Each structure stands twice: as structure tokens, then as C-alpha cells.
Amino acid sequence: MDWRLKTEKKFEYLADFIFENSKKTILAVLLVVAALGSNLPNLKMDTSTEGFLHKTDELRIKYDEFRDQFGRDEKILVAVKTKDIFNPDFLKKLATLHQELENNLPYIEEVNSLINARNTHGTTDSLIVEDLFDNYKINKSTLNAKKQLAISNPLLKDLLFNDDKTFTNIIIDTLTYSSFDENGEKIVINEEDEFAEETINDTPKLYLTDAENTKIIEAVQQIIKKYENDNFKIHLAGSALFSGAIKQAMQKDTKSFIQKMLLMVIFVLALMFRRISGVVLPLVTVVLTIISAVSLMALFNAPFTIVTQIMPSFLLAVITGASIHLLAMFYKDFAKTGDKKSALRFAMGHSGFAIVMTSLTTAAGMWSFSFSEVAPVANLGIFASASIVLGLLFVLVLLPAMISTLKLKHKPTTTHNKIMDNLLYKIANFALTRAKSIVMVSGIMIVVAVFFATQMKFSHYPLIWFEDNHPVRVSVETIDKELNGSMTLEIIVDTGRENGLYEPEILQKIERTTNYLNTLKEGGIFVGKTITLVDVLKETNKALNANKAAFYKIPANKDLIAQELFLFANSGSDDLEDFVDSAFSKARITVKVPFGDAIQYNQFLNKIKVEVAQKFDTSAEVSFTGIGVLLASIMEKSIHSSAISYVLAFGLIAIMMIILIGNIKVGLISMIPNILPMLTIVAIMVAFGIPFDMFSMLVGAIALGLAVDDTVHFMHNFNRYRLEGKSVDEATRLTLIGTGRAIVVTSIVLSLGFLVLLSASMTNMFNFGVLTASAIFVALIADFLLVPAIMKLLEKK
């Protein structure tokens, strides 16, 4: 007896065992789900940019070192458009908003605006560093002088106001570290204990959490509502806010996806089975799978991210599809015999092995992502594949157990089913009689799709995930235009020696570097402004030389530089901490840039890294970090990881097909219909200008894993009939009539599962839904026409 037939017999024995022990089986499964579900409250969300990198990634480690030294570089920008920013009434309102933000926002370090802009000047015997408008007071008699001070300070333009003085900016710096420990307990520092700060610093710290970032953003959004009007138009931006906006969209979308998907699944199941049990049983199986999947993430401390948010909808579709295959065969045999036990035995024997293979091929498609250098993609690969295997166990153990315990009414085969069978019979005849034509047309489609694939362009631009008129996108684009950038890149200059930054040569190299950077503009990427220690030093040197503009330069003497920086540090301002370390060996260059395409930024960074390194030669070590650099590197890692994922997915699935079919040649040839959906996706993307970004790169491997499911069911049943001595024509007709209806319905369920994403508020999810649903539809056509045509042409007596 063929090993596949022996395996089917084993599934029949399993069906009998479950039937006899159905209540115990259900109880055991529920206990496992309850144990896993106890971890659900620990599930966290993470939409941060650094969260896309593994904690062991060198870039992430360097970024963490940067944050430990200089603080969090992610800001919240509250920009205001008005007729004249120096209008006294406007300034009073701005000062009130500044104060309210400063007093009422949680988890923030400081708030900076035109009101408290640094005003450095000298008197005959001292250096004074104070706020531009001291104590938030707007005095009309001194307003003109204050205006001139602001305009004459080169540091403030494009940082706090634009060219025509109609746009100003409030910059909110958040805390670097979380206010809670690993156990969620609030960290309390006793101010009376002089060693408290030191003790806290010795304990491991968590960085500001996603939840804390969200609370800051929600508080900002609430506060600004009271201030906005026609002459006080507010725009919110900054990388911290952008992460929060994505999280808000995710929470709204995920809930909506699951609700709509459930309604669609209920409708399809009711239409197919016309039984309450045919709707309820798959849904119970799916819900328990999703609960277990999300609980597994919580158990292993894996956060819910913008990538893993597709997992619930994905599992809903996949596990429903597997359930349909089992129930379709069960109800078909039950309609003939009226014997529940024998019908369950038949269904498990007929479809059990095929369901295992389809689940494993889908899991293999997802598992191929687990090696990704992008952390959320790797998590999707690990937990989606694990959840598919868990869902498989529920389908083959829990679902039969629930069937066994229910009292089911016997219903003979309906006219509705006969119509479907007749249609499938005609499709089989069409594929068999026009085999050569179908293969030729498919070959032409593959050649055309390959041509389109050569035109494919990579892009990763999260801003365009939002619609043109979305407030976040409008705000970012407005601030980029008015203030020449809304995000930053960070360059660290490490002299490797204490007080190395007192050396005029090093400071001059920093100045030459910033002068070079400020000239750069390539396409939509440009440098809007640079901020460094040199700006503070030149400002101080000018103040200490009777406030003369001619002295706005770097002193030539090392001792003088040390003395001036010492005076500034003792003036009451702590701004130096933002630019240098305590040993004056490391300096930070903050480069203000617009929000742009990660691919363009990679090219931009590759160019400036070489130039900047040459400017410092061997005098200092230069490294790049910051949110802008991380964002650019993530896409590069995605491209590299995706190539590995596709090879892995194709290889694993091909091996499984060969094992299933028992013939290397036929197994490999049967993969051709599954390549067609992948190539179709590429053609659609190129034709409609859909960017090949981090999300669309996931589609191919997922589509391959899903598309091959139908091929597995077809080939499994086709082989059974061939082993019984049936011809290709007979085997094809029997296969399509036997399992074709389940293939159609599972394809519809899977397609609807991804078409639900069309209601997403972000276009990346919309595109993902369209592309995956299209791939599933093409796979269905290929399995009904191309697979039978290929089998016909390969027929042997």
C-alpha cells in the first residue's frame, strides 16, 4: 500500500478516537487556550522606528548608546501658521500654549519655542544666557528689540521660524527613559536623597515606551484643540508623533478588519453549508486560534506592530479555509449516509493529510520571514507559522470533537450543490480539451510578467501611507516646506581623547562639515539646517567680545575655547549637554532633513558618509545614527531579507510538493502554477505604480504559501484517483467535483480576508490587501485550468 494511503488510514483511526473521546478532547483544548490566554494582558504595541531592528542589531546598539548619551532624538513638533509671529497678541497666545504644554504634558523633558529661545549676550564683566521672553512676558515696549535679536540669531531661522515670519515651531523633547520598571511599577525618586539619582542610574532602564509616547501625543492633541483658529493654524509632526499616528490608525484598523472579516466569513459559510453548525464550528476554531496566537506573542514578549497587525485577519482566513475543506467532505458524506461517525471518518481520511500539507506549506511561506533582519517581519514569520500549526491541531482535533458532540440533522444533497458540481465538471472538460492552448497562454503571461518584473522599483516612504488630505501628512509636508525639514539624522564625531573638542582644528572640521551638508540637495532630499557645539561656541565668543558680529566665529586658541565653554556651562544653561559628552571627547551634529523615501536616503547617506569621513580623516571617528538613519537602513535590510525569504519559501514548498506527489519532475512542474500568482503581483504593481516597499515585499512569500494550498488539495486527490487506476481525464473530473467546491469557497474566504484591508486608513495595508487577494484569485484560476492542463500533457498510460 502507498505510504500516502497508509497516512490517510491513520487519520481515519484518529477520527474514531476523537469521536469516542470528544468531550475530553474539547476540555483539553480549552485548558491549553485558557493557559495561553492568561498572557494576553501582557501584550504590548510598538510602532517605534527602532522597534523595526532587533535589539542585537549593531545599528540599534549604536542608537541606544546615542540615546544614553544625548537623549531621545524623536521630537513632537507643534508648528503654528499665522500672519505675523511677532504680533504681540499672537506671542501672548503662543506663550500661554507653551506654558500649558510644559505644565500638563506627561513624560517630557522640556519644551522649546520662540518664547524661551536662547538669548546669549555679554556685559562688561559677565556672560548672560537667558530666555528671549523672560518669564513668558510679552512687553510691547521691548518687542522690537526682541524681534531683532531673534532675526539676527542664525540658529533660530528654520528651527523656530521661517523666512517670512509667518510660521513658528514649538519643539517638545520627551523623556529618554520610561517612568516605569520592567514590572510596570512606577519609578519613584526621593528628591531628598542626594544619592537617589545615582542609585536609579545604576539599575537597568527601559526606554520611553510606546504607551507613554501615546499618552504624550493624546495630551498634545487635546490641548491644541483650545487654541486653533484661522490665525493660529496648528500642525503636528515629528517622528515621535508620526509613530503615535501610525499606532492610532493600527488600533482603529485592526478592530475594523476583524469585525468585517467575521461578517464576511459568516455570510460565506452560511451560503455554502446552510447549517448553523457550518458557521459556528469554524468560527470557534478560528477565534481560539487567534487568541492563542496573540497570547503566544505576549508570552514571548513580542510586541504587536504595524507588520504583525495583518496576523489576525490572515489566521481568520487560513484557518477558516482549512475548516471548510474538512466540513465540506464531512457534510457531503453525511448527506449520503446520515452516519456522523462514518462521515467524520471519511472526511478525516479524505482531507486530513491534505490539510496537514496545506497548513505546512502556508506555515513554510510565513516561516521564511523568521530570518529577517527586520524585527517585526521576523516576529510575523515566527508567530504566524507557529499559529498556523496550532490552528492545524485545532482543525484536526477540536473541530472533529465538536462535530462529534453535536446533534446534526441529516439533509440530503441539495440542488444548489448539483449546480456547482455541473459547473466544476464543465471547467474540468474545458481544461482537458484545451490543454495546449492553456499552457501556451500561461507561458506568454509568465514572459510578460517577467518583463514587468525588470521594471520594478524599490521604495519605502511611510508618509504616503496616509491619504493626501490626512492631517498628519499635511502637517509633515507643511513643516518640511516652511521650516526645511521635520526629522533629523545624527552624526557623532568621536575624537577618542578627553577635551579633544577644545582643539580648534577639530571644531573647524565640524564647521566645514556643516557648511558642506548645508549645500546638499538631491531630488526631494536636502539638508535644511545643522546644529552643533560650534553654534554655541560662536554665539558665546560673540557675546564675550562686546556682542560684535565679527566675533561670531571659532576662537583660534585652545585655552580660550575651553574657558568660553566653561563660562557658558556655568551660565545656568544646560544646552551643552545636548551637543557634547562630559569629557568633551564626543560631539553631536544634528542634521535637519525632510521626511523622505528610505531608498533615496540610503543613496544620500552613502554619499555623505564618504565625504564626511574624508573631512575628519584620522583626527576623529565619525558614525551616523538617529531615527532618519534607522529608517533608511530598515528598507535596505528588508530587501536583503526578502530575497532570502523567497528562496527559502520556494525551496521548502517545492520539497513538500515533491513528497506529496512522489515524483521530482511532476513536483517541480506543479510549482509553475504557483509562480504565476507571484509574477502577476509584480506586473500589477508596476502597471499601477504601487511601490515595492516593506509590506508589498511580504506579499510574494505569503501568496506562494497560500496559492500552493489549492494545488496541494488538487494534487492530493488527483493522485488518489490515479493510484486507483483512473485516467487523467477521470481523475481531474472526480478531483474538481470532490474537492473543487471547497477550493472555490476557501479561495473566496481568503480573498475576502485580504480585501477587508481595502477599508484600511493607510494605503500600505490597502495595497497589501489588493495584491494578496489578486494573487489568490490568479492561483484559483491556475489550479482549475493550468494544473489539469499540465497533468494532461504529462499523461502516461
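Each value, and the rule that gives it
- Residues numbered from 1 in each chain as written.
- Predicted model: local features only at pLDDT ≥ 70, side-chain atom pairs only at ≥ 80, totals over all residues.
- Heavy atoms only, no water.
- Helix = DSSP H or I, 4+ residues; strand = E, 2+ residues; numbered from the N terminus.
- Expected span 1.5 Å × (residues − 1).
- Buried < 20%, exposed > 50% of the residue type's maximum accessible area, 1.4 Å probe, protein only.
- Arc of directions from axis to C-beta.
- Contact = heavy atoms within 4.5 Å.
- Axes fitted to C-alpha atoms, helices over the stretch in contact; angles between N-to-C directions.
- Parallel < 35°, antiparallel > 145°, perpendicular 65-115°, else oblique.
- Left-handed = near helix turned anticlockwise from the far one by under 90°.
- Pairing = 2+ DSSP bridges.
- Salt bridge = Lys/Arg side-chain N within 4 Å of Asp/Glu carboxyl O.
- Polar contact = N/O pair within 3.5 Å; in protein donor to acceptor, adjacent residues only side chain to side chain.

J.: Could you clarify how one ought to interpret helix 1 (residues 3-20) in this entry?
T.: Spanning 18 residues, helix 1 covers 26 Å between terminal C-alpha atoms, matching the ideal 26 Å at 1.5 Å per step. Of the positions making up helix 1, those classed as buried are Arg 4, Glu 8, Phe 11, Glu 12, Ala 15, Asp 16 and Ile 18. Axial view of helix 1: buried residues confined to an arc of 165°, hence all on one face. Residues of helix 1 that are exposed and angled more than 90 degrees away from the buried face: Lys 10, Phe 17 and Glu 20. Of the surrounding secondary structure, the elements contacted by the buried residues of helix 1 are helix 2 (22-37), helix 11 (340-367), helix 12 (375-405), helix 20 (627-661) and helix 23 (696-723).

J.: Looking at this structure, I do not really get the packing of helix 11 against helix 20. What am I missing?
T.: Packed helices, taken two at a time, are described by the angle their axes make and the gap between the axes. Where helix 11 contacts helix 20, the axes come no closer than 8 Å and their chain directions differ by 165°. One way to sum up the angle between helix 11 and helix 20 is to call them roughly antiparallel. Seen along the crossing, helix 11 lies across helix 20 with a hand that is right-handed. Along the contact surface, helix 11 presents Phe 353, Met 357, Leu 360, Thr 361, Ala 364, Gly 365 and Trp 367, while helix 20 presents Ala 649, Leu 652, Ile 653, Met 656 and Leu 660.

J.: In this structure, what is going on with unusual backbone geometry? I would like to understand it.
T.: When glycine is set aside, most residues are seen to have a negative phi, and most peptide bonds are trans. Residue Asp 158 is not a glycine yet carries a positive backbone phi of 70°. With respect to the helices and strands, the residue Asp 158 is situated in the loop between helix 5 (140-152) and strand 5 (167-174). Classification of Asp 158 as buried rests on a relative accessible area of 7%.

J.: Any chance you could explain the pairing of strand 3 (residues 118-122) here in plain terms?
T.: Every other side chain in a regular strand lies on the same face of the sheet, so the side chains alternate between the two faces. Across the 5 residues that make up strand 3, a large majority, 4, are buried. Counting the residues between successive antiparallel strands, the hairpin from strand 3 to strand 4 (residues 127-131) contains 4 residues.

J.: Mind showing me how you'd approach the pattern of salt bridges here?
T.: Pairs may arise between side chains of opposite charge once their charged atoms sit close together. Overall, the coordinates contain 29 salt bridges when judged by the stated rule. For Asp 57, the salt bridge is made with Lys 637, and the minimal N-O distance between the two is 3.0 Å. Linking Asp 57 in the loop between helix 2 and helix 3 (58-70) with Lys 637 in helix 20, this pair joins segments that are 580 residues apart in sequence. Through salt bridges with shared partners, a single network forms among Lys 9, Glu 12, Asp 16 and Arg 345.

J.: Honestly, helix 19 (residues 598-616) in this entry has me stumped. Any pointers?
T.: Over its 19 residues, helix 19 extends 26 Å from the first C-alpha to the last, a length consistent with the 27 Å expected when each residue adds 1.5 Å. Listed as buried for helix 19 are Ala 598, Ile 599, Tyr 601, Asn 602, Phe 604, Leu 605, Ile 608, Val 612 and Phe 616. Buried residues along helix 19 sit against strand 7 (487-494), helix 16 (504-517), strand 9 (525-526), strand 11 (586-593), strand 12 (621-625) and helix 20. You can read the cap of helix 19 off the contacts: a side-chain oxygen lies 2.9 Å from the backbone nitrogen of Ile 599, and it is on Asp 597. Within two residues after helix 19, Asp 617 carries a phi angle of roughly 35°, on the positive side.

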